[in-house]
Amino acid sequence: MKSSKPRPNTGSSVQADWYGWLPEAKLHLFRVYAGEFEACYMMLSVSLNEAIALRESGNLKKSFQVIEVISPLCSRLTDRLQGLLISLDEHAKHYGIIPSVAPLCAENFHGVRGQRAARMSSMLNRILLSQRAQFLRKIASLRDMLLELNLDFRDTAEELSSGAALDGRPLWQALDDDHFDLNTCFRESMILLKCFLRVLPDDQLTSFQKTVTGQRVPHTPTSTRTAMRHRRMPQFAGE
C-alpha cells in the first residue's frame, strides 16, 4: 500500500509542529504516551521532594527510607523514554521519516555532561546538512544523557541511603540536579515525538505503535557520575 503523504506545512520548524494540529488518532496516541511518562516523572518528583522535606525537617532516617524507592522510579522513567527514543530512531531510519528538529540548548541543563552534550548538539546541527541526520543525532544525545542520569540517580541514592557519607549535602544536591536534567530530557523527548507524529503518514501509525510496544530496554547501571544544577522549570525547544 502506498503511504499517504505528510500534510503541508509540517516538518518545517519545531515551533510550528509543537503547536500544530494532529488528527484524532495521532493526538490520542501522543496523549497516551505523554500521560504515561508524566505519571512516571511525577512519582519520581513527589518521592524526591518528600525525601528532601524530611531531610530539611531533621528526619534523616525517614528521608533515607524514601530515597531507597527513588532509584527504581528513576529507572522506570528512563527505561520507558529509552524505548520511545529507540522506536523513533528505528522508524525514522526504516521509512525515511524527516521530522523537524532543533538543537539542544545548554541553558536547559545544569549538569556538566548535559551542557556539554547540548553544546555538541548545537555544533553538529550546523555541520550536519541533513535534517534527518540532525533528528537522529538528537535522539542519540538524549539516550546517552538518560543512561548517565539513571546511573547517577542509582549510585547517589545508594550512597545516601547507606548513611556512609559524612556530609550528605553534595549528594542531595546531585539528586536534585539530576532530577532537573531528567525533566529536560523528558520534555525534549515529547517535542521529538510531537514533531515525528506531525510528519508520520497515517498508514504508518499502527506500525509505529507496535514498535513502541515491543521495546523493553533493560536498565544496566555500571558507574557513578555526579551532576550539579539548581531546580527550575526549563524552557524547551519549540516554546
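Details of the structure are given in the entry above.
Conventions we followed
Along each chain, the written sequence defines residue order, and numbers are assigned to residues from 1. Local features in this predicted model are restricted to residues whose pLDDT is 70 or higher, and side-chain atom pairs enter the listing and the counts only when it is 80 or higher, whereas totals over whole chains, interfaces and linings include all residues. Hydrogens and waters are ignored; side-chain quantities use all the structure's heavy atoms. Secondary structure follows DSSP: runs of H or I at least 4 residues long count as helices, runs of E at least 2 residues long count as strands, and numbering of each begins at the N terminus. The classification of residues rests on relative accessible area computed with a 1.4 Å probe and restricted to protein chains. Under 20% of the type maximum is buried, over 50% is exposed, and intermediate values are partly exposed. A contact between two residues is defined here by any heavy atoms of the two lying within 4.5 Å. In these tables, accessible area is a Shrake-Rupley quantity obtained with a 1.4 Å probe, and a residue counts as shielded only by the protein chains included in the view. Think of a salt bridge as a Lys or Arg side-chain nitrogen and an Asp or Glu carboxyl oxygen that are within 4 Å of each other. To form a nonpolar core, buried Ala, Val, Leu, Ile, Met, Phe, Trp, Tyr and Cys residues must be joined to one another through side-chain atoms within 4.5 Å. Interaxial angles span 0 to 180 degrees and are taken between N-to-C directions of axes, which are lines fitted to C-alpha atoms, for helices over the stretch in contact. We call two directions roughly parallel when the angle between them is under 35 degrees, roughly antiparallel when it is over 145, roughly perpendicular when it lies between 65 and 115, and oblique otherwise. In this scheme, a crossing is called left-handed if the near helix is turned counterclockwise away from the far one by less than a right angle; it is called right-handed if the turn is clockwise. Throughout, the arc means that of the directions going from the helix axis to the C-beta atoms. Take the number of residues in a helix, subtract one, and multiply by 1.5 Å to get its expected span.

Re the overall build of the protein
Looking only at helices and strands, the protein has eight helices and zero strands in total. Here the protein holds 239 residues, and 51% of them are scored as buried. Put simply, of all contacts in the protein between residues at least 6 apart along the chain, 85% involve residues at least 24 apart. For the protein, the accessible area works out to roughly 11700 Å², and carbon and sulfur atoms hold 55% of it.

Let's talk about the pattern of salt bridges
Inspection of the entire model under this criterion finds seven salt bridges. In this structure, Asp202 engages Lys26 in a salt bridge whose closest nitrogen and oxygen atoms are separated by 3.3 Å. Of this pair, Asp202 sits in the loop between α7 (169-199) and α8 (205-214) while Lys26 sits in helix α2 (residues 24-56), and the two are 176 residues apart along the sequence. Note that Lys138 is salt-bridged to Glu188, the shortest N-O span being 3.1 Å. Of this pair, Lys138 sits in helix α6 (residues 131-162) while Glu188 sits in helix α7; the two residues are 50 residues apart in sequence, bridging distant segments of the chain. Take Lys138 and Glu188: they sit in the same class, and that class is buried.

So, the environment of His110
For His110, the position within the fold is in the loop between α4 (70-95) and α5 (112-127). Residue classification places His110 among the buried residues on the basis of a relative accessible area of 17%. Once the C-alpha coordinates of His110 and Phe180 are considered, the two residues, 70 residues apart in sequence, prove to be 7.5 Å apart.

So, the nonpolar core
One recurring pattern in soluble globular proteins: nonpolar side chains tend to sit buried together. Core analysis: the largest hydrophobic core is formed by 61 residues, its most contacted members being Leu88, Met190, Leu193, Leu197 and Phe208. Contributing elements (two or more residues each) for this core: α1 (14-19), α2, α3 (60-67), α4, α5, α6, α7 and α8. At 14 residues, the largest contribution of residues to this core is made by α7.

A word on the packing of α4 against α6
Two elements in contact, α4 and α6, have axes separated by 10 Å at closest approach and are oriented at 165°. Taken together, the axis directions place α4 and α6 in an arrangement best described as roughly antiparallel. In this structure, α4 crosses over α6, and the sense of that crossing is left-handed.

Quick notes on α3
Residues Ser63, Val66 and Ile67 constitute the buried set of α3. The buried residues of α3 occupy one face: seen down the axis, they fall within an arc of 105°. Against the buried residues of α3 lie α2, α4, α6 and α7.

Structural notes on α2
Taking 1.5 Å per residue as the helical rise, α2 with its 33 residues ought to reach 48 Å, and the 46 Å between its terminal C-alpha atoms agrees with that figure. Gly58 sits one or two positions beyond α2 and adopts a positive phi of about 90°.

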